[in-house]
Amino acid sequence: MHRECAEFAVQVCPFIVYGSNYRKNPTLNTDDMARMVDNDNPVIFCVSVASRYRYEPSAGVFVIHPDEQLWFLHGKPATPEQIADAKNKAQAEIESQKT
Ligand SMILES: [Zn+2]
């Protein structure tokens, strides 16, 4: 995706900006969705600008090496505190899945 298009999307897409929406009619089946994206709206979004990436076939994911990360909350740039809170919540979710 073009950087300009990604930045525009995180500022105007209703799913991203309003933050309480969910995917009503996913085009992929549930198993595919679970492997690729969070079905719930994470509210905070990050645009990762990367010049390097690789596909990891064993996990079925792209591993990116971001040069820059742009965080948005409800369509506006997120504060450092909001970013830290989101990262802490994500880490707690990962830790809860390990047990
Ligand atoms: Zn584009």
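All values derive from a computational prediction rather than experimental measurement.

Describing the overall build of the protein
Alright, step 1. The helix and strand inventory of the protein stands at four helices and three strands.
Alright, step 2. Ordered by position from N to C terminus, the α and β elements of the protein give α-α-α-β-β-β-α.
Alright, step 3. The proportion of buried residues among the 99 residues of the protein is 5%.
Alright, step 4. Within the protein, counting contacts between residues at least 6 apart in sequence, those at least 24 apart form 42% of the total.

Description of the nonpolar core
Alright, step 1. Listed in full, the five residues of the largest apolar core are Val10, Ile16, Ile44, Phe45 and Phe72.
Alright, step 2. Beyond its immediate stretch of four places on either side in the chain, Phe45 contacts Val10, Ile16 and Phe72.

So, the pairing of strand E1 (residues 44-56)
Alright, step 1. Sheet topology note: the E1/strand E2 (residues 61-73) ladder contains 12 bridges and is antiparallel. Directly across from Ala50, in E2, lies its bridge partner Pro66.
Alright, step 2. Here E1 folds back onto E2 in antiparallel fashion, the turn holding four residues, of which Gly60 has a positive phi close to 70°.

Brief notes about the pairing of E2
Alright, step 1. In terms of residue burial, E2 counts as a barely covered element, since only one of its 13 residues are buried.
Alright, step 2. As paired elements, E2 and strand E3 (residues 76-77) share two bridges and run antiparallel to each other. Its bridge partner lying in E3, Phe72 is registered against Pro77.
Alright, step 3. Two successive antiparallel strands, E2 and E3, enclose a turn made up of two residues, where His74 displays a positive phi of approximately 50°.

Notes on the confidence of the model for the protein
Detailed reading of predicted coordinates is not advised where the pLDDT is low.
Alright, step 1. Averaged over every residue, the pLDDT of the protein is 80; residues scoring 70 or more account for 75%.
Alright, step 2. Mean pLDDT per element in the protein: helix H3 (residues 30-36) is the minimum at 51, and E3 is the maximum at 93.

Analysis parameters
- Residues numbered from 1 in each chain as written.
- Predicted model: local features only at pLDDT ≥ 70, side-chain atom pairs only at ≥ 80, totals over all residues.
- Helix = DSSP H or I, 4+ residues; strand = E, 2+ residues; numbered from the N terminus.
- Buried ≥ 20, exposed ≤ 12 C-beta atoms within 10 Å, placed from the backbone.
- Contact = placed C-beta atoms within 7 Å.
- Core = buried A, V, L, I, M, F, W, Y, C linked by C-beta atoms within 7 Å.
- Pairing = 2+ DSSP bridges.
- pLDDT = per-residue confidence, 0-100.

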